[in-house]
Amino acid sequence: MGFGQFLTEPEFKFIIVTHRDIFQNTAQESSRFSEQYAELSSVIRLDKDDMKKIGVKAGDSVIVKNASGRVVLKAESSILEQPHPGTAFMINGPWANALVAADTGGTGVPAFKNIEAVLSRSKEEKVTSLDELV
Amino acid sequence: MDKGPFVCTGCALLCDDIAVELQDNRVTRVDTACRKGVSRMKGCVSPMPCTVDGKTVDENVAIREAARILKEARHPLVFGHGNSTLEAQQKAIELARKLGAHIDDTSSFCQGPLVEAILNNKIPTCTLDEVRHMADVIIFWGADPSHSHPRHLSMYSYFPRGKQRQRGWEEDRTAIIIDVRKSDTAVICGDKLYEIPVGADPDFMNALLNALSNKVPKTPFNMDPKRILELANILKKAEFGVVFAGLGMVYSLDSLDPLFSLMDKLNETSKFHLIPMVGQYNMRGFDHTLFRETGHINRVYFRGEEIEHGPQQSVIELISNDIIDAAMIIGSDPLASLPGPIAKKLAKIPLITIDPCENLTSRRSKVTIPSALSGVECDGTAIRMDGVEVVLKQIIETNKLTDEKIIARIMEEI
């Protein structure tokens, strides 16, 4: 057990934008409980330079949290050409929804595609499972 | 059996050219549909059992228990509807009226505002068939059909050689993408991608409005005015333009006014239409049906003889403010699709799920009643994303009840 164990990991602010994905959707049609559905829904895609700044590699676990919830996700590098520092992308599903605020300012429409959250490296935590979410 | 072609209920495109192969009364092969549609039509691997409190029961017992829960609740909610036929939706509205219940659907936090604006004639619209035959300028705004509606580009909006667009996408059509990222649709449609910051859609609409009025278009995110003027020129010259509005656009607009202004301006010089990129196959159908019955597309409370409507009657606010004390969910999985804190609250009240397949909500439900998969195990009608009514055919035999029949039986019990 090293000293590093007791240091808090630095936190980085992100805006998460969710989007649809045909492969995740196909998996969902077959079963909401399939491994592929869980794998695709629990990935967060980050800007390549942001990954260097935070010190995570593709496949590492990261903790993403805000006042609404906390999830452990798998970090992957963005597949987009344009740099997008400070913005991260997720496929919409229960993992992203765990971070969406209940407060809609009275409009009844949650901010599904504009989620503010902080991200930090995870010390060997496993990616949150579907059972842990609800 | 009907030889087809059949209609796919994988999304609100309702592709009507589907061929299937059957073996032992199961769909074993699906041709023509997209990946998602094939998966929908072959059926799920975890069909929902008929249960009360987790124990397998026959459907009479489950229906009686569902009726008891709804009858005893002071503020029951009837929610879902996007994956049901028009006939089932009609019955669900009848049930809500009879119960004095709250009724809402996914359009409440999805494409509702646009469908409502179209039904109130505030936005000009057209059909997908008109798009195929006539559209020369196509805007995908906050939409990524390559993932959400995979055959959109090939059936209607970009690739087809329509009657007046014989040279198809190569020469006759220009596709424009306005999005926060280079989506897969943007990759397919070439160089007309306008990348904007998250939530900047109203700013971009205003800039475009200025460009269309021959003013210098300024944006808070410093997009080159020349690019916006170039876009305005393309739009002005359009013979038949169409905006496919995705959730990226809808969620960025606190009010639809910037969109109304833009559509009005576009229609001063050319013909522009808007079609909402509706997800679930018959979400628009529910909105049409409820609108016809109550004058509102969603968020309705049948309070005695009166009808209450507004954001406070939305599924989100009703759960958030602890109003509802029981819910019947038809063809939807709110525990997966609602914000986590709201889903946790919903899971604590008695739930009844009607669905062909097991999902997160059904596993937390007090009563689950399996239903026939529409377009495969039962027929009916539905409304496509562009407002056109489509007839669904039954492909295989089943002894499962339809949503419509289940709701009717629950009403009889009540």
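The rules behind the values
Residues numbered from 1 in each chain as written. Chains lettered and ligands numbered in written order. Predicted model: local features only at pLDDT ≥ 70, side-chain atom pairs only at ≥ 80, totals over all residues. Helix = DSSP H or I, 4+ residues; strand = E, 2+ residues; numbered from the N terminus. Rg over C-alpha atoms; globule rule 2.2 N^0.38 Å. Buried ≥ 20, exposed ≤ 12 C-beta atoms within 10 Å, placed from the backbone. Contact = placed C-beta atoms within 7 Å. Pairing = 2+ DSSP bridges. Domains from an automatic or database assignment. Nonpolar A, V, L, I, M, F, W, Y, C, P; charged D, E, K, R; others polar. Axes fitted to C-alpha atoms, helices over the stretch in contact; angles between N-to-C directions. Expected span 1.5 Å × (residues − 1). Core = buried A, V, L, I, M, F, W, Y, C linked by C-beta atoms within 7 Å. Arc of directions from axis to C-beta. Parallel < 35°, antiparallel > 145°, perpendicular 65-115°, else oblique. pLDDT = per-residue confidence, 0-100. Left-handed = near helix turned anticlockwise from the far one by under 90°.

What to know about the overall build of chain A
Inference 1: Helix and strand counts for chain A come out as 5 helices and 6 strands.
Inference 2: N-terminal to C-terminal, the α/β element order of chain A is β-α-α-β-α-β-β-β-α-β-α.
Inference 3: Its C-alpha radius of gyration of 15 Å places chain A within 12% of the 14 Å reference for a compact globule of 134 residues.
Inference 4: Seen along its three principal axes, the alpha-carbon backbone of chain A occupies a region of about 45 × 35 × 35 Å.
Inference 5: In chain A, which comprises 134 residues, the proportion classed as buried is 45%.

Quick word on the overall build of chain B
Inference 1: If you tally the helices and strands in chain B, you get 19 helices and 18 strands.
Inference 2: In terms of C-alpha radius of gyration, chain B reaches 22 Å, essentially the compact-globule figure of 22 Å for 414 residues.
Inference 3: The C-alpha extent of chain B, read off along each of the three principal axes, is 65 × 50 × 35 Å.
Inference 4: Within the span of chain B, comprising 414 residues, buried residues form 57% of the whole.
Inference 5: In chain B, 68% of the contacts between residues at least 6 apart in sequence involve partners at least 24 apart.

Some words on the pairing of strand E11 (residues 272-276) of chain B
Residue and element names in this part refer to chain B.
Inference 1: Along E11, 5 of the 5 residues are buried, which leaves the element largely enclosed by surrounding structure.
Inference 2: Across the two faces of E11 the burial is the same, with Phe-272, Leu-274 and Pro-276 and His-273 and Ile-275 all buried.
Inference 3: Bridging between strand E10 (residues 241-245) and E11 involves 5 bridges; their strand directions are parallel. Counterpart to Gly-241 in the pairing with E11 is Phe-272.

Description of the domain arrangement of chain B
Residues and elements named next belong to chain B.
Inference 1: When its domains are assigned, chain B resolves into domain 1 (46-106 + 281-373 + 400-413) and domain 2 (112-276).
Inference 2: Taking only C-alpha atoms, the centre of domain 1 and the centre of domain 2 are 35 Å apart.
Inference 3: In this assembly, 5 residues from domain 1 lie in contact with 4 residues from domain 2.
Inference 4: Among the residues forming the side of domain 1 that touches domain 2, the class breakdown is 2 nonpolar, 1 polar and 2 charged.

Quick notes on the sheet that holds strand E12 (residues 300-303) of chain B
Residue and element names in this part refer to chain B.
Inference 1: Across the sheet, which stays open at both edges, the 9 strands sit in the order E4-E3-E16-E15-E14-E5-E6-E12-E13 with mixed pairing between neighbours. Each having just a single partner strand, strand E4 (55-56) and strand E13 (306-309) make up the two edges of the open sheet.
Inference 2: With 4 bridges joining them, strand E15 (residues 351-355) and strand E16 (residues 367-370) adopt parallel strand pairing. Bridging from a neighbouring strand, Ile-354 pairs with Ile-369 of E16.

Quick notes on the interface of chain B and chain A
Inference 1: Counting from both sides, the interface comprises 43 residues of chain B and, opposite them, 39 residues of chain A.
Inference 2: Every element with two or more residues in the side of chain B that touches chain A is listed here: helix H1 (35-42), helix H6 (145-148), helix H12 (247-250), helix H15 (315-320), helix H16 (334-337) and helix H17 (340-346) of chain B.

Concerning the sheet that holds strand E9 (residues 193-195) of chain B
Residue and element names in this part refer to chain B.
Inference 1: The strand order across the open sheet formed by 5 strands is E9-E8-E7-E10-E11, and the pairing between neighbours is parallel. Either end of the sheet is taken by a strand with one partner, and the two such strands are E9 and E11. With direction set aside, neighbouring strand axes in the sheet form an average angle of 15°.

Regarding helix H2 (residues 59-72) of chain B
Inference 1: The terminal C-alpha atoms of H2 of chain B lie 20 Å apart, and with 14 residues this matches the ideal 20 Å at 1.5 Å per residue to within 8%.
Inference 2: Inspection of H2 of chain B places Ala-62, Ile-63, Glu-65, Ala-66, Ala-67, Ile-69 and Leu-70 of chain B among the buried residues, and these make up the whole buried set.

What about the nonpolar core?
When a protein is soluble and globular, its nonpolar side chains tend to lie buried together.
Inference 1: Core analysis: the biggest nonpolar cluster contains 167 residues, and Ala-66, Leu-208, Phe-244 and Ala-245 of chain B have the highest contact counts within it.
Inference 2: Taken domain by domain, this core gets at least three of its residues from each of domain 1 (46-106 + 281-373 + 400-413) and domain 2 (112-276) of chain B.

Some remarks on helix H10 (residues 201-212) of chain B
Residues and elements named next belong to chain B.
Inference 1: With 12 residues, H10 should cover 16 Å at 1.5 Å per step; its first-to-last C-alpha distance of 16 Å lies within 8% of that length.
Inference 2: For H10, the set of buried residues is Asp-201, Phe-204, Met-205, Ala-207, Leu-208, Ala-211 and Leu-212. All buried residues of H10 project into a common sector of 165° when viewed along the axis, lining one side.
Inference 3: With its phi angle positive at about 60°, Asn-214 sits one or two positions after the end of H10.

Observations concerning the environment of Leu-290 of chain B
Residue and element names in this part refer to chain B.
Inference 1: By secondary structure assignment, the location of Leu-290 is in helix H14 (residues 283-294).
Inference 2: For the pair formed by Leu-290 and Thr-9, sequence separation is 281 residues and the distance between their alpha carbons is 21 Å.
Inference 3: Not counting chain neighbours up to four residues away, the residues in contact with Leu-290 comprise Ile-93, His-296, Ile-297, Asn-298 and Val-300.

Section: unusual backbone geometry
Residue and element names in this part refer to chain B.
Inference 1: Cis peptide bonds are those with omega within 30 degrees of zero, and the linkage from Gly-4 to Pro-5 qualifies with 0°.
Inference 2: Counting through the fold element by element, Pro-5 comes out in the segment before strand E1 (19-23).
Inference 3: Positive phi, normally seen in glycine, also occurs at Asn-214, with a value near 60°.
Inference 4: Counting through the fold element by element, Asn-214 comes out in the loop between H10 and helix H11 (225-236).
Inference 5: A residue is classified by how many C-beta atoms lie within 10 Å of it, and Asn-214, with 10 of them, is exposed.

Side note on the pairing of E13 of chain B
Inference 1: Pairing of E12 of chain B with E13 of chain B involves 4 bridges; the strand directions are antiparallel. Residue pairing across strands places Phe-302 of chain B opposite Ile-307 of chain B, the latter belonging to E13 of chain B.

As for the packing of helix H1 (residues 22-30) of chain A against H1 of chain B
Inference 1: As a packed pair, H1 of chain A and H1 of chain B sit with axes 8 Å apart at the nearest point and diverge in direction by 5°. Here H1 of chain B runs roughly parallel to H1 of chain A, going by the angle between their axes. Residues Ile-22, Asn-25, Thr-26, Glu-29 and Ser-30 of chain A of H1 of chain A pack against Arg-35, Lys-36, Ser-39 and Arg-40 of chain B of H1 of chain B.
Inference 2: Residues of the contact of H1 of chain A with H1 of chain B, tallied by class, amount to 1 nonpolar, 4 polar and 4 charged.

Describing the confidence of the model for chain B
Inference 1: Looking at chain B, the pLDDT average stands at 96 and 100% of residues meet or exceed 70.
Inference 2: Interface predicted TM-score (ipTM) for the complex: 0.94; the corresponding pTM is 0.96.

Some words on the packing of helix H3 (residues 86-99) of chain B against H14 of chain B
All names here are of chain B.
Inference 1: One can describe the packing of H3 onto H14 by two numbers: an axis separation of 9 Å at closest approach and a directional angle of 45°. Accordingly, the angle class assigned to the pair H3 and H14 is oblique. H3 and H14 meet at a crossing whose hand is right-handed. Every residue of H14 that contacts H3 at Leu-86, Gln-89, Gln-90 and Ile-93 is listed here: Gly-285, Phe-286, Thr-289, Leu-290 and Glu-293.
Inference 2: In terms of residue class, the contact of H3 with H14 is built from 4 nonpolar, 4 polar and 1 charged.

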